[in-house]
Amino acid sequence: MSGDSDCTRTSPSVGSPSDNEFLPDRPKYVCSLSPDLITKAREELQEKPEWRLRDVQALRDMVCKDYPSLGTCLDDAFLLRFLRARKFDYDRALQLLVNYHSCRRSWPEVFNNLKPSAIKPVLESGFVTVLPRLDPEGRHVVCIRPDRWTPSNYPITENIRAIYLTLEKLIQSEETQVNGIVILADYKGVSLSKASHFGPFVAKKVIGILQDGFPIRIKAVNIINEPRIFKGIFAIIKPFLKEKIANRFFLHGCDLNSLHQNIPPVILPEEYGGTSGKLDISTWNELLLASEEDFLHDFSQLVLPCDSSPHDMLVSGDADDKQCDDSLRGMKPQLYYCY
């Protein structure tokens, strides 16, 4: 379905008695949050159950008024992700939604033909997976292991595709929308040659998506087994990080006790001093691959109008790319110094 047709159907103002007549085929939202999470969402995200659908309709109306050709899904559940990610601030939620589409449209190497079966080699390598147990705050832990990637097999963009699909799957859960996620990145064995693939251009794109172009709350990033080269990698990333996100990075080195202060051993695999057995990647891989049809359906609703060029988007302009290219010239000497 196109963005224009959606907005045509959903343009009535909030409270119009004919609202339902304009939404004949839109799935009705049913909250799946527990009473405790409803309370948490109210306290942390300013989400009021009694106003929830009114807020969703307000965001929908803003999309239809300001970005009628955005080509976005306008279902209640989809828009609610963006409101929760921006604590029900309409303007910020709208900008996040626009950025979400801008990111997808500005990086075809990542977002064209984006489906689980297309990144199966990355999943089988174990580059990215999700631990089977939640942490004490009810958050999923996304485990990333760059040493599992062999650059000669496929480009770094395939890894980014796998991470993005993992996040898309996780954010379908209302619990994750409220609780957020935790990232565990194991940099054991990352060499200078491998690190050089993650230049300023890629760094800016990835950070732009995670900070301002995707409706997920990243509550902590735990780095383990980072070599000296990581100082160079982090120096590339840090200029693009907001202070709030930068303060959520925790560098543990080889100190598992330090890691366990942030992520309890009971949910960690043996590889990280945990008690939950060997790291299992098959369960998450099977879950993601089994979601192929769901992704094809969901992504089919994100239409790119051929004549559309929404303004105020996050990723745009040759100037940004030139800045990244200029930064790239100075990257390798910095990495060699740290190495």
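You'll find the structure just up there.
Now for a description of the structure that goes with this document. (Residues numbered from 1 in each chain as written. Predicted model: local features only at pLDDT ≥ 70, side-chain atom pairs only at ≥ 80, totals over all residues. Heavy atoms only, no water.)

Brief notes about the environment of Thr-72
Step number 1: On the secondary structure map, Thr-72 appears in the loop between α3 (52–66) and α4 (76–85).
Step number 2: On the accessibility criterion, Thr-72 (2% relative accessible area) is buried.
Step number 3: Of note is the side chain of Thr-72, whose polar atom sits 2.8 Å from the side chain of His-101. (Helix = DSSP H or I, 4+ residues; strand = E, 2+ residues; numbered from the N terminus. Buried < 20%, exposed > 50% of the residue type's maximum accessible area, 1.4 Å probe, protein only. Polar contact = N/O pair within 3.5 Å; in protein donor to acceptor, adjacent residues only side chain to side chain.)

Looking at the sheet that holds strand β1 (residues 128–130)
Step number 1: Judged by pairing direction, the sheet is mixed, and its 5 strands sit side by side in the order β1-β2-β3-β4-β5 without closing on themselves. Each of the sheet's edge strands pairs with one partner strand only, and the pair in question is β1 and β5 (249–251). Between one strand axis and the next, the sheet turns by 20 degrees as a mean value, whatever way the strands run.
Step number 2: When strand β4 (residues 218–224) meets β5, the two strands line up parallel, connected through 3 bridges. Residue pairing for β5: Ile-223 is matched across the bridge by Leu-251.
Step number 3: Against the sheet, helix α8 (residues 156–171) contacts β1, β2 (140–144) and β3 (181–186), and its axis sits at roughly 15 degrees relative to β1. (Pairing = 2+ DSSP bridges. Axes fitted to C-alpha atoms, helices over the stretch in contact; angles between N-to-C directions. Contact = heavy atoms within 4.5 Å.)

Section: the pattern of salt bridges
Step number 1: In total, this model carries 12 salt bridges according to the counting rule given.
Step number 2: The partner of Arg-84 in a salt bridge is Glu-47, with the nearest N and O atoms 2.8 Å apart. Of this pair, Arg-84 sits in helix α4 while Glu-47 sits in the loop between α2 (35–45) and α3, placing them 37 residues apart in sequence. Glu-47 shares its class with Arg-84; the two are buried.
Step number 3: Of the charged contacts, one joins Asp-212 and Lys-242 as a salt bridge, the two residues approaching to 2.6 Å between their closest N and O atoms. One end of the pair, Asp-212, is in helix α11 (residues 200–212); the other, Lys-242, is in the loop between α12 (229–237) and α13 (243–246), with 30 residues separating them in the sequence.
Step number 4: Residue Lys-242 is classed as partly exposed on the basis of its relative accessible area of 44%.
Step number 5: A network of salt bridges, in which partner residues are shared, links Glu-47, Arg-52, Arg-84 and Glu-174. (Salt bridge = Lys/Arg side-chain N within 4 Å of Asp/Glu carboxyl O.)

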